[in-house]
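Structural description and commentary
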Amino acid sequence: MDIRKTPIICYGDSNTYGYDPRSYLGDRYPRQVRWTGILKEQHRLNLINCGMPGREIPRFQYEMQQALNPMASLQPPFFLWIMLGSNDLLNSREPSADTAAGRMEEFLRFLIQQDLFRAGKLKILLISPPRMEPGAWTNGPVCRESGRLGGCLKETVRQLCLSESLSPAQLSFADAGSWQLPLVFDGVHLSEEGHLAFAEHMSAFLASSPQIFSGN
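The structure presented is a predicted model; accordingly, all values stated were derived computationally and were not measured. (Residues numbered from 1 in each chain as written. Predicted model: local features only at pLDDT ≥ 70, side-chain atom pairs only at ≥ 80, totals over all residues. Heavy atoms only, no water.)

1. As for the overall build of the protein
Across its full length, the protein carries nine helices and five strands. Its C-alpha atoms give the protein a radius of gyration of 16 Å, within 12% of the compact-globule value 17 Å for 216 residues. When its C-alpha atoms are laid out on the principal axes, the protein stretches across 45 × 35 × 30 Å. Per-residue burial over the protein gives 54% buried out of 216 residues. Restricting to contacts in the protein with at least 6 residues of sequence separation, those with at least 24 account for 76%. (Helix = DSSP H or I, 4+ residues; strand = E, 2+ residues; numbered from the N terminus. Rg over C-alpha atoms; globule rule 2.2 N^0.38 Å. Buried < 20%, exposed > 50% of the residue type's maximum accessible area, 1.4 Å probe, protein only. Contact = heavy atoms within 4.5 Å.)

2. Things to note about the packing of helix H2 (residues 35-43) against helix H8 (residues 192-208)
The geometry of H2 relative to H8 is characterised by a closest axis approach of 8 Å and an angle of 45 degrees between their N-to-C directions. Comparing the axis directions of H2 and H8 gives the class oblique. In this structure, H2 meets H8 at a crossing whose hand is right-handed. Packed against H2, whose contacting residues are Trp35, Ile38, Leu39, Gln42 and His43, the element H8 presents His195, Leu196, Phe198, Ala199, Met202 and Ser203 at the interface. (Axes fitted to C-alpha atoms, helices over the stretch in contact; angles between N-to-C directions. Parallel < 35°, antiparallel > 145°, perpendicular 65-115°, else oblique. Left-handed = near helix turned anticlockwise from the far one by under 90°.)

3. Some remarks on helix H7 (residues 140-164)
The terminal C-alpha atoms of H7, which comprises 25 residues, lie 36 Å apart, in line with the 36 Å expected from a rise of 1.5 Å per residue. The sharpest bend along H7 measures roughly 35 degrees and falls at Leu149. Those residues of H7 that sit buried are Val142, Cys143, Glu145, Ser146, Leu149, Gly150, Cys152, Leu153, Thr156, Val157, Leu160 and Cys161. The opening residue of H7 is Asn139, an N-cap whose side-chain oxygen sits 2.9 Å from the backbone nitrogen of Val142. One or two positions beyond H7, positive phi appears at Ser165, with a value near 55 degrees. (Expected span 1.5 Å × (residues − 1). Bend = angle between axes of the 7 residues up to and from the residue. Polar contact = N/O pair within 3.5 Å; in protein donor to acceptor, adjacent residues only side chain to side chain.)

4. Quick word on the packing of aromatic side chains
Where two aromatic rings form a pair, the distance of their centres and the angle of their planes describe that pair. In the structure shown here, the tally under the stated rule is four aromatic pairs. Between Tyr11 and Phe107, the ring centres sit 6.1 Å apart and the planes meet at 45 degrees, which makes this aromatic pair tilted. Note that Tyr11 is positioned in strand S1 (residues 8-12) and Phe107 in helix H5 (residues 97-112), a separation of 96 residues in sequence. Tyr11 sits in the buried class, given a relative accessible area of 6%. Relative to Phe198, the ring of Trp35 has its centre 4.5 Å away and its plane inclined at 35 degrees; by these criteria the two rings are tilted. Note that Trp35 is positioned in helix H2 and Phe198 in helix H8, a separation of 163 residues in sequence. One exposure class covers both Trp35 and Phe198, and it is buried. Members of the aromatic cluster, joined through ring pairs, are Trp35, Trp179 and Phe198. The ring of Tyr17 has Arg28 sitting right over it, with the charged end atom 3.9 Å from the ring centre. (Phe/Tyr/Trp six-rings, centres within 6.5 Å; stacked < 30°, edge-to-face > 60°. Lys NZ or Arg CZ within 6 Å of the ring centre and 35° of its normal.)

5. Some words on the pattern of salt bridges
Per the stated rule, a full pass over the model turns up eleven salt bridges. Among the salt bridges present, the one from Glu192 reaches Arg22, with a minimum N-O distance of 3.1 Å. Pair noted here: Glu192 is in helix H8 and Arg22 is in the loop between helix H1 (14-17) and H2, with a separation of 170 residues, a long-range link. Accessibility expressed as a relative area gives 51% for Arg22, which makes it exposed. Here Glu145 ties to Arg144 by a salt bridge, and the two come within 3.1 Å at their closest N and O atoms. (Salt bridge = Lys/Arg side-chain N within 4 Å of Asp/Glu carboxyl O.)

Everything listed here is a matter of coordinates, which is why it stays silent on function.
So this is what it looks like as structure tokens:
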């Protein structure tokens, strides 16, 4: 699978969508500002932005199945980049990185059972969300668990690869939670500078992990 020729489906929340919290109407940053648009332009990637504000980690079968919908009109193989977990913390009375990681494990187990994955035509990259900071939308417990989420998700991927004998070419992990990305006033969403920094970190990650994206 050549990353420059293969559709990359970015399945995430508002930080993938490119939500601009400065707008009262739910607008998004221009395409050239979003990290997805920057990567697409710089690396000529066939990158498809499937971000949706408010999205949590799928918990029910129909939600998990919906994650495959963008592939229905495309020809395999595919890359699936997943960046979720922030809303699971924000929307919980008792935010827990462990609970969010458990939900992600169930979602990943669903995906690796799909025929596309078993046939080697679907490869998955899990990206931990940007670490949240004190702001208008956050509180102490949310920020604390957001700081733990990257480590929990990394361990989830490690354990899943061990138990299912998966290689990094099949299921890999990028810890965006450790990238110290600039956020806006709400403590949740990437600023314009944050989107640029995210794209730069992703470029470095891609360059340092050629075996993942070539499939070799």
